[in-house]
Amino acid sequence: MFETLSDRLSGIFDKLTRRGALSEADVSEAMREVRRALLEADVALDVVKSFTDKVRNRAIGAEVVKSVTPGQMVVKIVHDQLVEMLGSDAKPIDLHAVAPVPILMVGLQGSGKTTTTSKIARRLTERDRKKVLMASLDTRRPAAMEQLKILGEQNSVDTLPIVPGQTAVQIASRAINAAKLGGYDVVILDTAGRVTVDQELMAEVAEVKRQTNPHEVLLVADALTGQDAVNTARAFDEQVGVTGIVLTRVDGDGRGGAALSMRAVTGKPIKLMGVGEKSDALEDFHPSRVADRILG
Ligand code: GDP
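Residues numbered from 1 in each chain as written. Predicted model: local features only at pLDDT ≥ 70, side-chain atom pairs only at ≥ 80, totals over all residues. Heavy atoms only, no water.

Counting its secondary structure elements, the protein chain contains 11 helices and 10 strands. Going through the 296 residues of the protein chain one by one, you find that 52% of them count as buried. Pairs at least 24 residues apart make up 76% of the contacts formed inside the protein chain by residues separated by at least 6 positions. Split by element, the accessible area of the protein chain, about 13,400 Å² in all, is 51% carbon and sulfur. (Helix = DSSP H or I, 4+ residues; strand = E, 2+ residues; numbered from the N terminus. Buried < 20%, exposed > 50% of the residue type's maximum accessible area, 1.4 Å probe, protein only. Contact = heavy atoms within 4.5 Å. Areas by Shrake-Rupley, 256 points an atom, 1.4 Å probe, with all protein chains shown as cover.)

Here it is, written out as structure tokens:
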């Protein structure tokens, strides 16, 4: 039977009936379970280590208050530490800049970048009443430009007219000009993806960033790819610089381990999460909810 981390932690302490401070031995046994659960959830090894160290420090010697069992107490400490490492509060997209506010979407091909671009555009349009323009800078894959155009039509969001033969930087500046002239509040630039991180991609994305000075650079990463997603995030952050992360396919990620690693490794906030293929399947990232999922 599948046992959640909460169950396992409570189980360890069931034997423990006495009250008072948690002993080092009790906590060490619990930390083995936490370690195992986090590794199963695909959290990076060094992140697991620093996590368990922090929890251990908080737990050893902690007085167990009368109203809770030692197990519940440790579950709470683990939960609080998870929330802290996941970034505590939800961090929305920052639009506090002169309109049209440029947002640059970056990430690998297949991560869900184009879908997420239109999800964000739809949400800003419908919920925040913003006038949004989307543009695809994927000069190598005409299908990607076409995909964004179709998504725009489906969601009643404008896309920049496709002009063949332009470079990514040329399309980006055309998008910003069109957004200025058209009185748009936000312009979302969907950069080209590649199957792997390569220097050509990084150079192109970095150049687009330099030319457009985006207010947000959002890395889109597939939660199901676990450690690969973390390495991708690190590479984009080091070489381009990102302001936030959007985790996709969180609907398929049972335990949310990628979120913890991603946040710990890059230090950048996870702002949103994709929870399905539909154009409204986008949610704010809530550390507390993800911590609940990891705990099970
Ligand atoms: P891109 O190459 O990075 O632009 O990726 P796409 O936006 O084309 O997405 C690739 C596939 O992933 C599409 O079939 C999307 O419907 C799907 N997808 C994107 N985001 C999510 C998500 O949050 N959950 C699920 N289940 N599928 C997603």
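This part is about the UniProt feature "domain: SRP54-type proteins GTP-binding" (unreviewed entry) in the protein chain. Feature annotation in UniProt assigns "domain: SRP54-type proteins GTP-binding" (unreviewed entry) to the following positions: residues 269-282. Here residues 269-282 runs as 0% helix and 43% strand, with 16 Å between its end C-alpha atoms. (UniProt positions renumbered as here; feature names shortened; annotations may be inferred.)

Further remarks concern helix H9 (residues 227-239). Quick reminder: α-helices carry 3.6 residues per turn. Residues three or four places apart thus point the same way. End to end, H9 covers 18 Å across 13 residues, agreeing with the expected 18 Å (1.5 Å per residue, within 8%). Among all positions of H9, only Ala229, Val230, Thr232, Ala233, Ala235, Phe236 and Asp237 are buried. Looking at the buried residues of H9, the elements they touch are strand S3 (101-107), helix H8 (199-212), strand S7 (216-222) and helix H10 (257-266). (Expected span 1.5 Å × (residues − 1).)

This part is about the side chain of Arg174. Tracing the backbone through its elements, the reader meets Arg174 in helix H7 (residues 168-181). Within the buried set, Arg174 has no salt-bridge partner at all; the shortest N-O distance to an opposite charge, 12 Å, is to Glu146. Not counting residues within four places of it along the chain, the set of residues in contact with Arg174 comprises Leu160, Pro161, Ile162, Val163 and Gln166. (Lys, Arg positive; Asp, Glu negative; His and termini not counted. Salt bridge = Lys/Arg side-chain N within 4 Å of Asp/Glu carboxyl O.)

This brings us to the environment of Glu200. Topologically, Glu200 is positioned in helix H8. A C-alpha to C-alpha distance of 27 Å links Glu200 and Ala259, two positions 59 residues apart in sequence. Excluding its chain neighbours within four sequence positions, the residues that come into contact with Glu200 are Arg140 and Arg194.

The subject of this paragraph is the site of the ligand. In the neighbourhood of the ligand, 18 residues make up the surrounding shell, with Gly110, Lys113, Thr115, Arg249 and Asp251 lying closest. Between the ligand and Glu277, the relevant distance is 2.9 Å, taken from an oxygen atom to a side-chain nitrogen or oxygen of the residue. Here the shell around the ligand takes four residues from helix H5 (residues 113-126), the largest share from any one element. Residue classes in the shell around the ligand are distributed as two nonpolar, 10 polar and six charged. (Near = heavy atom within 4 Å. Polar contact = N/O pair within 3.5 Å; in protein donor to acceptor, adjacent residues only side chain to side chain. Nonpolar A, V, L, I, M, F, W, Y, C, P; charged D, E, K, R; others polar.)

The buried fraction of S3 amounts to seven of the seven residues, a majority that puts the element mostly inside the structure. A two-sided burial pattern is seen for S3, the buried positions comprising Val101, Ile103, Met105 and Gly107 on one face and Pro102, Leu104 and Val106 on the other. Here S3 pairs with S7 via five bridges, running parallel. Across the sheet, Leu104 pairs through a bridge with Val217, a residue of S7. (Pairing = 2+ DSSP bridges.)

The subject of this paragraph is the sheet that holds S3. Within the open sheet, the eight strands sit side by side as S5-S4-S6-S3-S7-S8-S9-S10. Their pairing is mixed. At either end of the open sheet lies a strand with only one pairing partner, and these are strand S5 (158-159) and strand S10 (282-284). In this fold helix H6 (residues 142-155) packs onto strand S4 (132-136), S5 and strand S6 (186-190), with an angle of close to 160 degrees to the strand it touches most, S4. (Axes fitted to C-alpha atoms, helices over the stretch in contact; angles between N-to-C directions.)

Turning to the pattern of salt bridges, a few remarks are in order. The full count for this structure, using the stated rule, is 20 salt bridges. Lys149 serves as the salt-bridge partner of Glu153, at 3.9 Å between the closest nitrogen and oxygen. Note that Glu153 and Lys149 are positioned in helix H6 at a spacing of four residues, about one turn of the helix. Classification of Glu153 by relative accessible area gives exposed; the value is 55%. Several salt bridges converge on common partners, so that one network encompasses Lys49, Asp53 and Arg56.

As a further point, take the nonpolar core. With 74 residues, the main nonpolar core has Leu9, Val78 and Phe236 as its most contacted residues. The biggest single contributor to this core is helix H4 (residues 70-86), with nine residues. Residues contacting Phe236, with those up to four places away along its chain left out, are Val106, Gly107, Leu108, Val197, Leu201, Met202, Leu219, Gly241 and Val242. By size, the runner-up hydrophobic cluster in this structure holds 19 residues, among which are Val157, Val186, Leu218 and Val220. (Core = buried A, V, L, I, M, F, W, Y, C linked by side-chain atoms within 4.5 Å.)

Among the five residues in strand S8 (residues 244-248), five count as buried, and that is most of the element. Sheet topology places S7 next to S8; five bridges connect them, and they run parallel. The residue of S8 that forms the bridge with Leu219 is Ile245. Crossover handedness for the path S7 to H9 to S8: right-handed. Bridging between S8 and strand S9 (residues 270-274) involves three bridges; their strand directions are parallel. Residue Ile245 lies in a different strand from S9, and its bridge partner there is Ile270. (Right-handed = clockwise from strand over helix to strand, strands pointing away.)

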